[in-house]
Amino acid sequence: MNNVGALAAATLYQRFGSQFVHCPFGSSEQDPQAQQITINLGSQEVIAPDGQRWQFAIEAAPKEMLMEGLDPIALMLKQSDRIERFESNYHHSYPWLA
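This is a predicted model, so every value here is computed, not measured.

**Q** Give me the pattern of salt bridges: which residues, what numbers.
**A** Close approach of charged atoms allows side chains of opposite charge to pair. Summed over the entire model, instances satisfying the criterion amount to three salt bridges. Here lysine 78 makes a salt bridge to glutamate 64, at a shortest N to O gap of 2.5 Å. Remark: glutamate 64 occurs in helix 2 (residues 60-68) and lysine 78 occurs in the loop between helix 3 (72-77) and helix 4 (80-93); sequence separation between them is 14 residues. The class of lysine 78 is partly exposed, set by a relative accessible area of 41%. Exposure remark for glutamate 64: the relative accessible area of 26% places this residue in the partly exposed category.

Now the structure itself:
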């Protein structure tokens, strides 16, 4: 499981608890592919092998981090233009604080 998958699983565990995460789909003798659940982060939906669907909520920042493979610092650095503009305006407006 990659880091994104592990983070998604941990997030689902926090949101739904052990009842959801450990819910078995069929016996262990069945095809493992038939027992997989699908997590569609884009549509915020969990799909069971039998077609059952559950919607889940996730805040914008964690969703963006998972979708784009970012850590919190990389997410912040995406805003570097806005940060630089703020700092420039701040120093211009309050030069005695610079």
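**Q** Could you give an account of the environment of serine 43, naming the residues involved and the relevant values?
**A** Following the sequence through the fold, serine 43 ends up in the loop between strand 1 (38-40) and strand 2 (45-47). Distance in space between the C-alpha atoms of serine 43 and phenylalanine 56 is 9.0 Å, their sequence separation being 13 residues.

**Q** Go over the side chain of glutamate 45 with me, naming the residues and quoting the values.
**A** Residue position: glutamate 45 is located in strand 2. Here arginine 53 takes part through its side chain, which lies 2.8 Å from a polar atom of the side chain of glutamate 45.

**Q** Explain the sheet that holds strand 1 to me, using residue names and the numbers behind them.
**A** Taken together, the three strands give an open sheet; going across it, the order is 1-2-3, and neighbouring strands pair in antiparallel fashion. The two strands at the open ends of the sheet, each matched to only one other strand, are strand 1 and strand 3 (53-55). Ignoring strand direction, the axes of neighbouring strands in this sheet form an average angle of 20 degrees.

**Q** Tell me about the packing of aromatic side chains, and please be specific about residues and values.
**A** Tallied over the full model, the rule gives three aromatic pairs. When the centroid spacing of 5.7 Å and the interplanar angle of 25 degrees are considered together, the rings of phenylalanine 86 and tyrosine 90 count as stacked. Of the two residues, phenylalanine 86 and tyrosine 90 both sit in helix 4, four residues apart, roughly one turn of that helix. A ring pair is formed by tyrosine 90 and tyrosine 94, whose centres lie 5.2 Å apart and whose planes are at 50 degrees; its orientation type is tilted. Three or more aromatic residues joined by ring pairs form one cluster here, namely Phe86, Tyr90, Tyr94 and Trp96.

Parameters and conventions
- Residues numbered from 1 in each chain as written.
- Predicted model: local features only at pLDDT ≥ 70, side-chain atom pairs only at ≥ 80, totals over all residues.
- Heavy atoms only, no water.
- Salt bridge = Lys/Arg side-chain N within 4 Å of Asp/Glu carboxyl O.
- Helix = DSSP H or I, 4+ residues; strand = E, 2+ residues; numbered from the N terminus.
- Buried < 20%, exposed > 50% of the residue type's maximum accessible area, 1.4 Å probe, protein only.
- Polar contact = N/O pair within 3.5 Å; in protein donor to acceptor, adjacent residues only side chain to side chain.
- Pairing = 2+ DSSP bridges.
- Axes fitted to C-alpha atoms, helices over the stretch in contact; angles between N-to-C directions.
- Phe/Tyr/Trp six-rings, centres within 6.5 Å; stacked < 30°, edge-to-face > 60°.

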